Amino acid sequence: MSGKRQASSPPVDEPDAKQAKGDDADAKAGADAENAGAEAGGDDPMETEENGRGDAPARRSLRTRNPVRKAATRNEGKAAKANATETKITQVTYKEGELLSDHLKADGALVEVKIPAECTVNTNQQVRSRQLWGTDVYTGDSDVVAALMHTGFWLPGSTCPPQLLELVATARAVTPAEQYSSTSRNGIRSRSWGRVLTGFSYKVEACRAITVNNQTIELTGDPERIKPCAPTFFPNVVESVVNTRASQANAERRQRLIQEVTIQYNLCNEPWLKYSVASVCDRGFKRSEWTSARLRRETLYLETHTRRYELSYDGPVFDEEEENYEEVNAPEADVYRWGRCSTPKDLRRTAELGVPLPSEELVDVVQGVKWHEIGFDLNSVTIQGVEYKVVRLQWLPRIEPGGELHEDE
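The model shown is predicted, which means the values in this text are computed figures rather than measured ones.

Rules used in this analysis
- Residues numbered from 1 in each chain as written.
- Predicted model: local features only at pLDDT ≥ 70, side-chain atom pairs only at ≥ 80, totals over all residues.
- Heavy atoms only, no water.
- Helix = DSSP H or I, 4+ residues; strand = E, 2+ residues; numbered from the N terminus.
- Contact = heavy atoms within 4.5 Å.
- Areas by Shrake-Rupley, 256 points an atom, 1.4 Å probe, with all protein chains shown as cover.
- pLDDT = per-residue confidence, 0-100.
- Buried < 20%, exposed > 50% of the residue type's maximum accessible area, 1.4 Å probe, protein only.
- Polar contact = N/O pair within 3.5 Å; in protein donor to acceptor, adjacent residues only side chain to side chain.
- Salt bridge = Lys/Arg side-chain N within 4 Å of Asp/Glu carboxyl O.
- Pairing = 2+ DSSP bridges.

Draft legend 1. Broad picture of the overall build of the protein. Check the secondary structure of the protein and you find eight helices and 21 strands. Pairs at least 24 apart in sequence give 67% of the contacts found in the protein among residues at least 6 apart. Element-wise, carbon and sulfur atoms account for 49% of the exposed surface of the protein, whose accessible area totals about 27200 Å².

Draft legend 2. Geometry of the confidence of the model for the protein. The predicted model of the protein averages 77 in pLDDT, with 65% of residues at 70 or higher. Scored below 50 in pLDDT, residues 10-15 makes zero contacts in the model with residues more than four places away or belonging to other chains. Across residues 36-54, where pLDDT falls below 50, the model places 10 contacts with residues more than four positions away in sequence or in other chains.

Draft legend 3. Structural context of helix H5 (residues 144-151). Burial within H5 is extensive, with eight of its eight residues counted as buried. Near the N-terminus of H5, the side chain that reaches the backbone nitrogen of Val145, with its oxygen 3.1 Å away, is that of Asp143. After H5 finishes, the residue Gly152 shows a positive phi value of roughly 90°.

Draft legend 4. Summary view of the pattern of salt bridges. Under the defined criterion, the tally for this structure stands at 14 salt bridges. The shortest N-O distance in the salt bridge between Arg349 and Glu352 comes to 3.2 Å. Of this pair, Arg349 and Glu352 are both found in helix H8 (residues 347-353), three residues apart, which corresponds to roughly one turn of the helix. The residue Lys389 makes a salt bridge to Glu387 at a minimum N-O spacing of 3.6 Å. Here Glu387 falls in the partly exposed class, since its relative accessible area comes to 45%. Within the structure, one salt-bridge network assembled from shared partners comprises Glu303, Arg308 and Arg392.

Draft legend 5. Spatial organisation of the pairing of strand E16 (residues 335-341). With six of its seven residues buried, E16 lies for the most part within the structure. Bridging between strand E15 (residues 308-313) and E16 involves five bridges; their strand directions are antiparallel. Following the sheet pairing, Glu310 is matched in E16 by Gly339. Relative to strand E17 (residues 362-370), E16 runs antiparallel, the two sharing five bridges. Of the residues in E17, the one forming a bridge with Trp338 is Val366.

Draft legend 6. Looking closely at the environment of Ala106. In this fold, Ala106 is placed in the loop between strand E1 (89-93) and strand E2 (110-116). Judged by relative accessible area, Ala106 falls into the partly exposed class, the value being 37%. Between the C-alpha atom of Ala106 and that of Ala173, which follows or precedes it by 67 residues, the distance is 6.7 Å.

Draft legend 7. Representation of unusual backbone geometry in the model. Along the chain, Val355 connects to Pro356 via a cis peptide bond; the corresponding omega equals 0°. Position of Pro356 relative to the elements: it lies in the loop between H8 and E17. For Asp136, which is not glycine, the phi torsion reads 70° and is therefore positive. As for its position among the elements, Asp136 is in the loop between strand E3 (134-135) and strand E4 (137-138).

Next up, the structure:
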């Protein structure tokens with residue numbers, strides 16, 4: 001066996017490569033012409049082959065090409081890709097003072113803000129300082145909790161509900177508005193602003209609450225969840241306590257109009273007085289003008305936003321014309337009754353039941369209350385150390401059961 005490589009033997013009956021490629025091209029052209037003829041004349045391709053039009057084998061697909069379907073499939077793929085990009089949601093965790101504008105990257109982008117329960121109270125510094133600009137569409141530096149309160153999705157209180165874990169708000173980025181108007185909604189007034197030249201604004205689209213039991217509660221927005229009170233105007237005499245040389249010249253300024261809300265509607269949609277210390281304080285220096293003596297003749301009703309309370313005299317009633325009236329009218333000897341009305345009733349029904357109300361119409365009754373255990377504050381009443389926030393009041397005269405309340409009373 002020699003060290004040289006033996007030459008390969010020449011190919012036997014091997015067709016030329018160019019010739020083979022030409023034969024394949026002719027076969028393909030013949031098949032295309034055969035298919036075109038079958039479509040035009042309606043003849044069966046198999047029958048055409050049997051008639052001897054072509055003896056060479058033809059490679060063709062039995063499935064007819066559909067360029068329209070191919071384009072539609074391509075468009076569906078692009079649309080699905082666009083939808084997947086559009087529905088991508090950015091999730092962030094709320095922190096006081098951080099701006100939402102850092103996450104508003106494009107018009108229409110969705111941002112999901114998770115707000116911890118401890119940040120949903122009205123003691124939130126961003127809510128107290130009204131860091132909110134606009135109406136429905138808010139600037140990117142507006143606080144999300146303030147926006148939820150303004151749109152009515154969430155009304156924060158002094159404490160968060162014990163079952164609340166977090167709030168999840170969904171905000172959508174929008175193009176900046178030409179102008180951001182200021183409105184008062186649900187106890188908070190937004191600020192006004194001009195046109196924003198950079199960045200994006202947002203609007204709140206949805207909000208849901210997550211409980212500690214991992215339950216989801218869908219919240220609905222209502223811009224008028226708390227009805228605004230229309231102010232009334234009444235003349236008021238402003239007395240000057242400093243005597244100056246110009247006091248006579250400025251006497252006409254003492255009579256002027258000031259804006260003040262004095263009438264509110266109670267839980268039965270009847271006009272009551274707005275609560276103020278001036279409505280419950282003593283009206284003079286005589287004992288008969290003290291509030292403690294007034295409670296002998298009248299009963300005081302106070303209301304919160306959801307409940308009604310009654311403060312009434314619960315001791316013996318003396319005639320003011322008796323000689324020893326000043327002696328027996330000592331406030332330290334009086335006792336009073338405090339209770340919550342089980343169901344608030346209108347004036348006509350209250351007069352039929354009698355004023356003060358019967359014991360069966362009250363719950364959480366506190367009897368034997370001394371005068372020094374009653375305190376009146378700017379917006380609350382304290383009974384034996386328990387504070388009740390009140391907003392309205394009404395004085396009603398004592399009425400026997402089955403009586404009527406006259407219009408002058």
